Each structure stands twice: as C-alpha cells, then as structure tokens.
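Understanding the architecture of this molecule
The lines below spell out each chain.
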Amino acid sequence: METTDVKMDETTQGVTKSPSGARIFWREIVRDKLALISLIFLVLITAFVYGISLILDQKEIVTVDLFAIHQPPSEEFWLGTDYGGRDIFGQLIIGTRNSLSIGILVTLMTGVIGVVYGLISGYFGGHVDNIMMRILDFFLILPFLMVVIVFVAIVPKYSVFTFSLIMTAFLWMGIARLIRSKVLQEKELDYAQASKTLGSSNIKIMFTQVLPNITSLIIVTMTLNLAANIGLESGLSFLGFGFPESTPSLGTLLSYATNPQTLEYRWWIWVPAAVLILLLMLAVRNVGEALKRAADARQRRG
Amino acid sequence: MKKISFSKALFALMLILLLALAACSGGSDDEGSGDSGSDDAGTEEGTDEGTDEGEEGDSEAAEGEDGLYSIEDFSTDKTNEGEAIEGGTLQYGLVTDTAFEGTLNWNFYSGTYDAEILGWFGESLLSNDDKYRYTNDGAATYEVSDDNRTFTFTIKDNVNWHDGEPVTAEDWAFSFEVIGDPEYTGVRYGADFTNIEGMEAYNAGEADSISGIEVVDEKTLKITYIKASPSLLTGGIWPYAMPKHIFGDIPVAEMDSSPEVRENPIGFGPFKVESIVPGESVTMVKNEDYWQGEPKLDGVTVKVVNPSTVVQAFETGEVDAVDSFPADQYPDNADMSNVEFLGMIDLAYTYIGFKLGTWDSENAEVVMDDSKKMSDVNLRRAMWYAVDNDAVGKNFYNGLRWNATTLIPPSHPEYHDETIETPTYDPEEAKRILDEAGYVDTNGDGMRENPEGEELVINFASMSGGDTAEPLANYYIQSWNAVGLDVQLLDGRLQEFNTFYDRVGQSGEDDPAVDIYQGAWGVGYDVNPQGLYGHKALFNFPRYESEENTALLEDGVSEESFDVEHRKQVYSDWQKLMVEEIPVFPTLYRSLLAPVNNRVQNYSIAVDFNALHEIAVTEEEPIAAE
C-alpha cells in the first residue's frame, strides 16, 4: 500500500505487517453501503448469467421462429420475443454474458499490456521511454472508432475473443500512460534505489518491487475501465459494428430500439437491456469509486 | 424491407439500381454501377398496374383476420370527400434519411428522389396506360410505321416551357443529341439509344447529326429505330425534351453541374420550381399556362422526411402524401384517422439466386460452368421446396409480401402466368429429391454430402439493411439445415449493400466464395427480362444461360411479339422454363403503400395517372390525427 506502511502498525497483530490491500479494499466497501449493494448485485448477476447460460442453448435461442414474432411477455417467453420470434430473456442472458465477457477480457488484456508497457517505459526512462511513448502517441491519435469499424469489416469471422483483441489493440494506451507516470515517481524512491545499489536485476526490481507498490492503482483503474469497456462494446454493437445478431449482446438488443415501431410499441425488446446496461455500469462504477478511495489513505472512510 | 431508417435508404437505392438494370433491355450495358439509376421507363410519380390486379390469385388472397393484410384490399385512387377549396399547397414527402442529389433534369438525374421531384414539374411528352404502353393522351401523340421501326411524334400546340417558349420537336431531338454526345456525363446512354439509326456513329463522333432522328417541322419529330421491338412502346423511347433555347449554349460535359439543372430547372409540367433548399426541399408554384389546364393547387412543397419519423409527420399533418411508406410500419398505424392508405403491387420481387457460372468480361457474356456446387438442378429444386415463403410473407410482412411464383411479377398482369405450378413448402419432398439425386449423409454428421461423397458446404450471401434481413436470412439457413443441407452465411454475417453486389457480380468479378445469394430486382415497365437473364447481361448474376432461354428472350422482343398474344405465350414459356431450370427462384412479391391525407382529392398512385393538375385539397392545412 504505497507509502503508508508505517501508520498501519497498530491494526495488525503478531507479525508487523500492514493490513493487506484486499482487507483495506474490503473494509472500504463494507463501509460504503452503495458500493456493497453494487458488489453484491454484480456478483449475483455474474453468477446468474454465467450459470444460466450453461443451461441455455444459444443455437436454440437465436433460432428464428416465424410463428412467434413480436410476442409480448408471457409464461412461455418471460420477456417476449423480437422480430425473428426469438426469446428476449434468453438473448438477454446470453447477451449479458457476452458483453461481460468482452468487458472483462478487454480489461484484463489492456491491463496486462498497459502495465508491462508502462512499467518498462517508466522504469528505464530516457531514450527507451521517449521511443515507447512516441509509439504510444501514434496509437493514441488513431481514430479509435473508425479503425475498429474497418477492422470489424475486414476480419471475416470473429468470436468473443477476437473481438476483444481488436478492442484491446486500441485501448491499452490510457493505462500504460498512467502506470508509466507512477513508475517514474516510484523508481526514484529509496527502496528502488537501494535495491538497485545492492545489484538486483532490473526485471526483479520492476516486477517484484515496483509492481506490488502500484497494484492498488492498477486495480482501481481496471475496475473503472471495466465499466467503460462494457459500455464501449454495447455502443459498437448498437451501431452495428459489434457482433452479428446471431451472437446477442446488450448492444444488439438495444439497437432494436432504433426502429420507431419497436421503440413505441414493443418496450420488452429493448427496455430490459437498457436497464441492465445502466445498472451494470453504475454498479461497477460504485465499486470502482470505493476502491479508489481505499487506495488513497486521505479519502478512506473505513 | 423492414424498419430502421438506414435500411430504407439502402432499399431505395437498391430499387433505383434495379429499375435501372431492368430498363437496360439490350443487355450489355455495363455502366450501371452501384447506385446509379437509369430508369428509361419514364417513371412518373407512383407506379402501379391499377385495376387489373383483382384477379391475381396468389396463395395470400384476402385474409382480413389474424392481422394479415392483402394488397387487393387497397385502392390506387384516393376517395374524395367534401368540397375542394380554391388553391392550397400540397406537402409531399420523400421518405429517405439522406439528402436528395438535386440533379433536376431527366437526362442527368440518377436518384429516385430526384425523379420524384422531376415528376412534379418536368413532364414526359408521352403518357402511358395501365399496361405501361404509350398512349396518345399525353403532351405528344405518335404514329408507328407499318414496319414498326419509324415513329412520328406530334407535340400538341399548347405545350409550352415554364418560361413561355413552346416545346418544339427541336427540343426533343436536342435531348437525344445530348444523351448521344460523346461528352455526355449521365447514365442514360444505353441500348434504347444505340437502337436509333445513326446513334452509334454520332456517339463515336463520326457523324454531326443522328441520321435516325428527323425534325419534320416545328412540332413534328420522326425517329427511326434499327430493330423493331414491342419494348419500344413500353418505355423504350426517351420521352423527355430538353429546352434547347436554354441548354443550347452549354457544353454537354458541364450541363449536369450547371445552374440550369441545379438551381433553376424548368419543364412544362403543371408546377414550376420557385426555390430549392439543396438536399432538403423544393417549393413549386402552379404553372397557369399548363397545357392540360390550370392546376387546382396553388403549389406543391416537396421535402425530405426521415423514415423513422414519417408516421409522426403524417399524424401532425406535416405531409399530405409521400412517395412510398415503409410497409413494416403499416400494421401498427393502419387505423391512423387522418389518412387513407393507397396501395398497389410493386414492380419488384425478392429471389434466391444460384451461382452457375462466371462472367467473361472480354466477350461480355455469361459462361456456364457445370462443375459448380449448385449445378445440379435437383439440389436447387429441393432448396426451393425447403422454404416456406408463404409463412415468411404472413409472419414477417403481415401479408404485405407474399409467396412469389414466377419471375414476372403480378405487377405485369398481362404477362404474369399464374397458372404455372411452382414448388411450395414441402420439406419431405425436398428430402426425397435430395435422396434420389444422391445427396445423402455418408459421414453421420447430420448434413448431406454431395453425390461424390464430399462435404457440401453452401455459402449463402445476403444483404444487410432492413430489420428483417437478419432473421430472414437465418430463417432460410435453418430451413435448409432442416432438410440436411449445410448452408452457412457467407463470412458469418450479412453483407453491406455495395459489397454484396460487388461480390455477387455487379462489376463482373464474381466472388467464387458465393454459392447462393438472396437479392431483389425491380422490374421496369417493359416486361422484357433480357437485361436480367439474357446471356449478354452483366446483371445475370446466376450466370445462367441456355439455348432455350436465349431463344425465348429474343422472341419476346422480336417483331412477332408486337402481337400481344404471341408475346404472352413466349413469356409464359419462359416463366415455365425458369421454374424447370431454376437458375434463381423468386421468394416474395411485394406491395407498395402510400398514405394520403384526408384533405387531398383526385390523388392517385396508379401508373397511368397523368393529372397532377387535378389534385385539390379541402382544407388550408393538412388534417392532423385525432
């Protein structure tokens, strides 16, 4: 936990060690009722969605049924059907799973790339830093949306994973910059210098000494990024550049609402997806904010 | 097509393209790229085949119950209620989410929306009847010589341009000269023009004038064609004059960007252009000097209406009428209180095509290839039996599209042969045909292999655009899977409009990955299908040819076919041949709907409607919905 080790002594027993990061995070979340509810909601939704989708047959859900088009919610179709006679509830579950999967995958991959990139660039500094940052600048100025749209158009077939890769390719820069600036400060601190003097290898200092000291920053940024990435995926799918309709996502469900008839007369197609996106992003954000406070001793409530 | 604003524009574009193609009856007009339309057929606003559709006996028939509609319940003419007032301005909407181009000249326009606008002020010299044939009721009359090759036109005396100058034979001949000019920039020059004597020499710059076009006197024009064909009478003659006193001094290459086309276009129609807001609206006032009599309306405002708000535009009385209404929005709005829905059978059909060969661009002709995946006619027939188009029409389109039978749609009731038996949904029959033809599952994966025992994976290309595009494509794939055929969506997704037609072959470079595709054609006024299925036609996307096909198509435009009975027989035989050979099979016929505000009188979308000046209104403002 950064440089706050000393103050924490009294809260620990036995071995003199500061409370673990996880514990601080946990305490902060419990203190913040909103964050706690959000976390519970997130865990439940994730478990529910991944659990149910094991039972659901995606192929069956995206099967067009000519004789069940635009059915309102009923016992057979809990949330009605869309213009292809496909069950909205099933699509919502699978869609949420797909959207979450992409969000998480993209967050993890951008996290890994960004952290490593930032760490190397910040730690070595000088020319290395200069060159790496110019490369990063190049990626930054690419018009993200346009390039992704072109990519999606060119790549003939894509799955959850390849789609995540495409998004990752243009989303790792933010976190890399953040980490680099933090590492620039961190490496000047005494512990890093001392370790260097004692002859530790650069790799060792970077990954076993500097990295643990910036984990809180990484966790916080990645949590907040998760919300953004879910939103981004939904946005792309909404615009028609995400998944084909045979792979439902929250964005494709939402895009049905671009049809004025659906918007006006068939709320069950798009309202659940819209509400779910809103709740998911709010919940992730609430948790993320709590973590952010936990990472900064001055803002902590617990 | 359904829903989504964006889709509607694509659909419109598609139809423009299609109309254009169908109109190139000569077959080898390769310039019809992407979205350039060249509708030689002279579409006035609204196209319909009017009264004859009553007996057209499709499986859909009039089924009022179950939320189904039938096009037979719609009239093409507005019923009149109440007393018309003096004057008034009609608000006419163009349903599109893009701007109109504003190339407001018949010789140069390429978009349907420009054509819609042109229809209000720039009239055709020749009017046509409900069978799309030219009549003598228009601004010009015609006589045909005994050998059917020479036409003598007489322009009526009181036909004057908006600036007061008379419309002369010279103006009409000038229109031909512009299109035939080597510098001409538009898309009209094609088989209909090269068929005029001396036109090719003129186009090549070898002659100073077109030998086949003779200005006899101020009002009389004589045109001689190389080859007589019944197609000439259904849109084969260019019926639009161009004011020579205005365009005479402008170089042909600069005409389409000139202010005379873009800003101050003139015609001799019932309304004249007062002002243009580019891409948005055109305000017109009545032409008091109109040859059929002074128009009853004071003017017309033509403006762009977004497809997603077109219903609201009608409800609030923002528009009185539109060029076409998204059919998928009809069921939810059928009982709108302030409008009457007019409807007719659209000149179009949707179809599934099979790739049977390739395009030889050097000789500009189709080359059949017997080793293609789809070369076996039994396979194609089984695929026809496997799909339930009747259910598609009823469930996706509420009966406003319905099971298609032959390749000449019922919009041409004279030639559409409804007695022909075509495969209808029968999956058992499909399986039987496949079993007999040797398509059986030999490796136990549930999917049939071809008679040689190799895996058979059929790639299906379909267009995006339109909300039903996706479920519809998936429905077809499911249906084929259900009879054991492994059909896959090409690249796992729908293709964008232009990509789709590129890969299917609009540039002549067919993508070999495409095995079958779903497309749609708009058909021209002229029934002749040579432009789509002739062996010299680039738009023969299935790349199908056979001697019999060529012979029948040739016969359909031969001199004998001036006899309607003979022509009917020829096209009936051709429709039968297509059902036997199945290079493509039609899936759905379509209807075209147009709501009109209750205050409007004497309005019609019928194809032979040529009385815009009679349109009147009963109130100053459009009536709003209750």
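What counts, and at which threshold
Residues numbered from 1 in each chain as written. Chains lettered and ligands numbered in written order. Predicted model: local features only at pLDDT ≥ 70, side-chain atom pairs only at ≥ 80, totals over all residues. UniProt positions renumbered as here; feature names shortened; annotations may be inferred. Helix = DSSP H or I, 4+ residues; strand = E, 2+ residues; numbered from the N terminus. Buried ≥ 20, exposed ≤ 12 C-beta atoms within 10 Å, placed from the backbone. Contact = placed C-beta atoms within 7 Å. Nonpolar A, V, L, I, M, F, W, Y, C, P; charged D, E, K, R; others polar. Core = buried A, V, L, I, M, F, W, Y, C linked by C-beta atoms within 7 Å. Domains from an automatic or database assignment. pLDDT = per-residue confidence, 0-100. Pairing = 2+ DSSP bridges. Axes fitted to C-alpha atoms, helices over the stretch in contact; angles between N-to-C directions. Parallel < 35°, antiparallel > 145°, perpendicular 65-115°, else oblique. Left-handed = near helix turned anticlockwise from the far one by under 90°.

- As recorded in an unreviewed UniProt entry, chain B goes by the name Oligopeptide ABC transporter substrate-binding protein, listed as coming from Virgibacillus indicus.
- What UniProt states about chain B under its Sequence similarities (unreviewed entry) heading is, verbatim, "Belongs to the bacterial solute-binding protein 5 family."
- Its UniProt record gives chain B a comment under Subcellular location (unreviewed entry), which states: "Cell membrane".

- Identification of chain A as Peptide ABC transporter permease from Virgibacillus indicus is taken from an unreviewed UniProt entry.
- Per UniProt, chain A carries the Sequence similarities (unreviewed entry) text "Belongs to the binding-protein-dependent transport system permease family."
- Regarding chain A, the relevant UniProt record gives this comment under Subcellular location (unreviewed entry): "Cell membrane".

Examining the overall build of chain A
- When helices and strands are tallied, chain A shows 14 helices and zero strands.
- Beginning at the N terminus, the succession of helices and strands in chain A can be written as α-α-α-α-α-α-α-α-α-α-α-α-α-α.
- Projected onto its principal axes, the C-alpha positions of chain A cover 75 × 45 × 30 Å.
- Counting the 302 residues in chain A, one finds 40% classified as buried.
- Contacts spanning at least 24 positions in sequence make up 66% of the contacts within chain A whose residues lie at least 6 apart.

Some details on the interface of chain B and chain A
- In this assembly, 21 residues from chain B lie in contact with 17 residues from chain A.
- Elements with a contribution of two residues or more to the side of chain B that touches chain A: helix 12 (389–397) and helix 14 (469–482) of chain B.
- Ranked by the residues each element gives to the side of chain B that touches chain A, the list is headed by helix 14 of chain B, at five residues.
- In terms of residue class, the side of chain B that touches chain A is made up of seven nonpolar, seven polar and seven charged.

A closer look at helix 11 (residues 377–385) of chain B
All names here are of chain B.
- Taking burial as the measure, the nine residues of helix 11 include seven buried ones, the bulk of the element.
- When helix 11 is considered as a whole, its buried residues turn out to be L379, R380, R381, A382, M383, W384 and Y385.
- On the buried face of helix 11, the contacting elements are strand 10 (339–354), helix 13 (427–436), helix 14 and strand 17 (584–597).

Some words on the nonpolar core
- Among the nonpolar cores identified, the biggest contains 166 residues, and A382(B) and A594(B) are the most heavily contacted of them.
- Here this core takes ten residues from strand 10 of chain B, the largest share from any one element.
- For A594(B), the residues in contact, after removing those within four places along its chain, are A321(B), V322(B), S324(B), F325(B), L342(B) and I605(B).
- Grouped together as the second largest cluster of nonpolar side chains are 61 residues, I29(A), I93(A), L226(A) and I269(A) included.

Side note on the domain arrangement of chain B
- The domain architecture assigned to chain B consists of domain 1 (7–34 + 346–591), domain 2 (74–121 + 259–343 + 593–617) and domain 3 (140–255).
- On a C-alpha basis, the centres of domain 1 of chain B and domain 2 of chain B stand 34 Å from each other.

Re the confidence of the model for chain B
Residue and element names in this part refer to chain B.
- Per-residue confidence for chain B gives a mean pLDDT of 84, with 89% of residues at or over 70.
- Throughout residues 1–7 the model reports pLDDT below 50, and contacts reaching past four residues in sequence, or to other chains, amount to 28 contacts.
- For residues 9–63, every residue scores under 50 in pLDDT, and the model assigns this stretch 164 contacts once sequence neighbours within four places are set aside.
- For this predicted complex, the interface confidence reaches an ipTM of 0.73, while the overall pTM sits at 0.77.

Brief notes about the sheet that holds strand 4 (residues 213–217) of chain B
All names here are of chain B.
- Taken together, four strands build an open sheet; the order of strands is 2-3-5-4 and the sheet is antiparallel. This sheet does not close on itself; its edge strands, each paired only once, are strand 2 (140–144) and strand 4. Put simply, the sheet's adjacent strands are angled 20 degrees from each other on average, direction ignored.
- The strands touched by helix 3 (residues 169–180) within the sheet are strand 3 (150–155), strand 4 and strand 5 (220–224), with strand 4 carrying the most contacts at an inclination of about 170 degrees.

Re the UniProt feature "transmembrane region" (unreviewed entry) in chain A
Residue and element names in this part refer to chain A.
- Mapped onto this structure's residue numbering, the UniProt feature "transmembrane region" (unreviewed entry) falls at residues 34–56, 102–124, 136–154, 160–179, 210–232 and 267–284.
- What you have in residues 34–56 is 96% helix and 0% strand, and the ends, taken at the C-alpha atoms, are 32 Å apart.
- Strand forms 0% of residues 102–124 and helix 100%; the C-alpha atoms that close the span are 33 Å apart.

Some details on the packing of helix 2 (residues 33–55) of chain A against helix 14 (residues 267–295) of chain A
Residue and element names in this part refer to chain A.
- Two numbers describe how helix 2 lies on helix 14: the axes approach to 8 Å, and their chain directions differ by 130 degrees. Between helix 2 and helix 14, the angle is such that the two are oblique. Viewed along their axes, helix 2 and helix 14 form a crossing whose handedness is left-handed. Of the residues in helix 14, those touching helix 2 at L34, A35, S38, L39, F41 and L42 are A283, V284, N286, V287 and A290.
- Among the residues forming the contact of helix 2 with helix 14, the class breakdown is nine nonpolar, two polar and no charged.

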